[in-house]
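Observations on the model geometry
Residues per chain are reported as follows:
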Amino acid sequence: AVLNCWASSFASIVAQPRLMYAIAKDGLLPPMFKNLDPRTKTPLKGTIFAGGVAAIFAGCLDFANLSMTVSCGILFVYVFTGIIILRIRYLPT
């Protein structure tokens, strides 16, 4: 359970800056998140923001609450991804 919580949290933190970059390119997040670092070509501000939020959660919650929050977040993402896929597939655009 500890390894699973760590792996899912790590995967979320790694993917979050690129997700914020793509959403900012569409204009749904502030433009500061669509800037790439010229040297590394990565969304540095999104990485710092996602890491900061993760550090705040890790510092404020105990392990039981943190693992429950991560599990609920992953469940939320899977449910809404499934709903959106069904909507895209079966509803006319």
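This report concerns the structure included in the present document. (Residues numbered from 1 in each chain as written. Predicted model: local features only at pLDDT ≥ 70, side-chain atom pairs only at ≥ 80, totals over all residues. Heavy atoms only, no water.)

Tallying each qualifying case throughout the model produces two aromatic pairs. It is R18 that lies over the ring of Y21; its NZ or CZ is 6.0 Å from the centre. (Phe/Tyr/Trp six-rings, centres within 6.5 Å; stacked < 30°, edge-to-face > 60°. Lys NZ or Arg CZ within 6 Å of the ring centre and 35° of its normal.)

Right, let's talk about the layout of surface pockets for a bit. The computed volume of the largest pocket comes to approximately 950 Å³. Around the largest pocket, the lining is made up of 27 residues, and of these S9, S12, I13, Q16 and V70 lie nearest the centre. For the lining of the largest pocket, the secondary-structure elements that each account for two or more residues are α1 (2-25), α2 (44-60) and α3 (63-90). Broken down by element, the residue count for the lining of the largest pocket peaks at eleven residues, all from α1. Considered class by class, the residues forming the lining of the largest pocket number 22 nonpolar, five polar and no charged. (1 Å grid on protein atoms, 1.4 Å probe; cavity = no way out; pocket = protein on both sides within 12 Å on 5 of 7 lines; lining within 4 Å. Points joined across faces, edges and corners; volume = space filled by probe spheres on them. Helix = DSSP H or I, 4+ residues; strand = E, 2+ residues; numbered from the N terminus. Nonpolar A, V, L, I, M, F, W, Y, C, P; charged D, E, K, R; others polar.)

Below, the discussion takes up unusual backbone geometry. Phi at K41 is positive, roughly 60 degrees, even though this residue is not glycine. Structurally, K41 can be placed in the loop between α1 and α2.

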